[in-house]
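Fold and contact review
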Amino acid sequence: MGIEVGTAKERGSAGARFGCLTRRKQVDSNRERAGGGQQLAKALSVPQLVVIGVGSTIGAGVYVLIGTVARENAGPALTISFLIAGIAAALSAFCYAELSSRCPSAGSAYHYSYICVGEGVAWIIGWALILEYTIGGSAVARGISPNLALVFGGKDSLPSFLARIQIPGTDIVVDPCAAILVLLVTALLCIGIKESTFVQGIITTLNVCVLLFVIIAGGYLGFKTGWVGYTVAGGYFPYGINGVLSGSATVFFAYIGFDSVASTAEEVKNPQRDLPFGIAASLSVCCSLYMMVSVVVVGLVPYFTMDPDTPISSAFARTDVHWAVYIITSGACLALCSTLMGSILPQPRILMAMARDGLLPSFFSDVNERTQVPVKSTIVTGIFAASLAFFMDVSELAGMVSVGTLLAFTVVAVSILILRYVPPSEVPLPSFLQQSIDSVSFHHNLQNNGEEADSSGIICSNQDQDDGISQEISKESSDYPLIAKESNKENLNEQTRRQKAGWSIAFVCIGVLILTTSASYSFFPNFLQYTTCLVGGLLLLGGLFVLSWIDQDDARHSFGHSGGFICPFVPFLPVCCIVINAYLLVNLGVGTWFRVSLWLLLGVIVYVLYGRTHSSLSDVVYVPAAHADEVFKNSGYVA
């Protein structure tokens, strides 16, 4: 009987050496069944998720970006830029909402890509997210001490044990305040998810109150002074529509943070209901606050007179409300503290998810029995982030943070397309179930053919499955020609549909890459640029047309947990999400991509030397999903 074990050497059509890159894990990897480890605490509901989302998203950027984008890109139309960026972020939020409710486990985009795309892409996403959260947390921590000094009265007003000091003989400026804050946040996260969320909720509430003060007090001053910012000679669109769109691309990064909600999926009491609400509510709150603050601030003073570093404070100072500067500066400090917690919170869960899958040492997967959080991963994350914040000025590396987020957004959108059109048709089962698999295979052969068929069975690769189908049909055709003919036609139609869908998704991705690259790099000759844009556009539109024409896979209804949020307007919404994120990725700059490439290269080395051979999927049997439950029942194994 032909049962093939789906090891890394046997999976995938790209060859035995690269087959491990395409192996995919189950939607529901039952942790108690896998090893009886301690589980994360189910302690979060919608209010806590909104706190995490809003606190992670609204950082000090809103206190700075308003001035920069208004002066250089959008002018008084800054509000429109925030609206467009919010809509673009909502596209990714829709994709996250469906996947997080279908696959509510720790790991966020890493977890989804491992299920839908494959181990290779999942490793790259997980490794990039580690970089994002580490550098993001360190950069935020380094930004707290200058703002805190302003609260104390000036640039050099911090106590000596918190003030920045330059090491003699070097260019290194250490920041004790940043390191201490990172360690405090780390200790708080180790206490428990409920306790840390409560503290983050207090800080986020205070920050929102400061923004509401800006909106209300600023609105009063605006009506009092006549909204001079909207009476400038250039009108509402001084830089035109292109300026508004350019500004929206910049402020898009102010919405990054709602994905932290998805990283806590395993700790949510009712993930199918609460996760989509939490993601949507946090994004809506952020977009509303951004737009209202921008409406007020650009109306108080002409956009070209704004201070690019402290636009809100300077706007109030110009209207002789100097005391408001202390409130606004305090809000910036609170925003940074909340963002710091949101930056450190997801990374231990990413490390834990990767360690559960065998791609990292099991040390990172340990969950404390009392606090029910991954304490070891949290401590390692905190120490590493605190060290970076203490010794390095990571502001030059801040662009690398965006790469991990945008890559994750892109892969999540691609995962939605795969889930809808070509969901995984096989599931990995432990190799010790081989006897049960053989038994079920033998039973089905007898039932289908009326006699023992040594040459067929439950086939564990797509190519062998196609051969098995053809063998069974040819055997049955002599006894039941009409039934066999209908069965053959149905199977062939489904195989053709899946092939068309798979190629169409590939064409969409390739077309987007070609289109965004050629459109962004103006140093190409005009003929070459127009030609490549045309080719990319045709591939994109052709793939999108086929996806909108063919039917979605019926298996999507039973994929993962049912009853959750369903992403609307598929395939158009995910494809738009892919285009937007790919465009932003291409425009991050050569220097950023060079530094990120070095980190990803290190990740490839770690995967080849450790993750590839220690993966939990290195010794499994892939069987059709329809037979998985029967195999478990036959073996007496509790699924």
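Owing to the predicted nature of the structure, the values given are computational and were not obtained by experimental measurement.

**Quick word on the overall build of the chain**
- In terms of regular secondary structure, the chain is built from 23 helices and four strands.
- Across the 639 residues that make up the chain, the buried fraction comes to 53%.
- Taking all contacts inside the chain whose residues are at least 6 apart in sequence as the whole, residues at least 24 apart take part in 83%.
- Within the structure as shown, the chain displays about 27500 Å² of accessible surface, and the carbon and sulfur contribution to it stands at 64%.

**Some details on the nonpolar core**
- Among the nonpolar cores identified, the biggest contains 160 residues, and Y63, Y96, I312, F316 and L340 are the most heavily contacted of them.
- Sorting elements by how many residues they give to this core places helix α16 (residues 399–421) first, with 16 residues.
- Discounting chain neighbours no more than four positions away, the residues touching Y96 are S108, A109, Y112, F258, D259, A262, I279, A408, F409 and V412.
- Grouped together as the second largest cluster of nonpolar side chains are ten residues, L429, V621, A628 and F632 included.

**Let's talk about the pattern of salt bridges**
- The final tally for this structure, using the stated rule, is twelve salt bridges.
- With a closest N to O distance of 2.7 Å, R356 and E266 form a salt bridge. Remark: E266 occurs in the loop between α10 (259–263) and α11 (271–300) and R356 occurs in helix α14 (residues 346–356); sequence separation between them is 90 residues. For the pair formed by R356 and E266, the shared burial category is buried.

**A closer look at the packing of helix α6 (residues 119–152) against helix α7 (residues 176–191)**
- Where α6 contacts α7, the two axes come as close as 8 Å, and the packing angle between them is 120°. The orientation of α6 with respect to α7, classified from their angle, is oblique. For the pair α6 and α7, the crossing hand works out as right-handed. For the pair α6 and α7, contact is made by A141, R142, I144, S145 and L148 and by C177, A178, L181 and V182, respectively.
- For the contact of α6 with α7, a count of residues per class yields seven nonpolar, one polar and one charged.

The rules we used
Residues numbered from 1 in each chain as written. Predicted model: local features only at pLDDT ≥ 70, side-chain atom pairs only at ≥ 80, totals over all residues. Heavy atoms only, no water. Helix = DSSP H or I, 4+ residues; strand = E, 2+ residues; numbered from the N terminus. Buried < 20%, exposed > 50% of the residue type's maximum accessible area, 1.4 Å probe, protein only. Contact = heavy atoms within 4.5 Å. Areas by Shrake-Rupley, 256 points an atom, 1.4 Å probe, with all protein chains shown as cover. Core = buried A, V, L, I, M, F, W, Y, C linked by side-chain atoms within 4.5 Å. Salt bridge = Lys/Arg side-chain N within 4 Å of Asp/Glu carboxyl O. Axes fitted to C-alpha atoms, helices over the stretch in contact; angles between N-to-C directions. Parallel < 35°, antiparallel > 145°, perpendicular 65-115°, else oblique. Left-handed = near helix turned anticlockwise from the far one by under 90°. Nonpolar A, V, L, I, M, F, W, Y, C, P; charged D, E, K, R; others polar.

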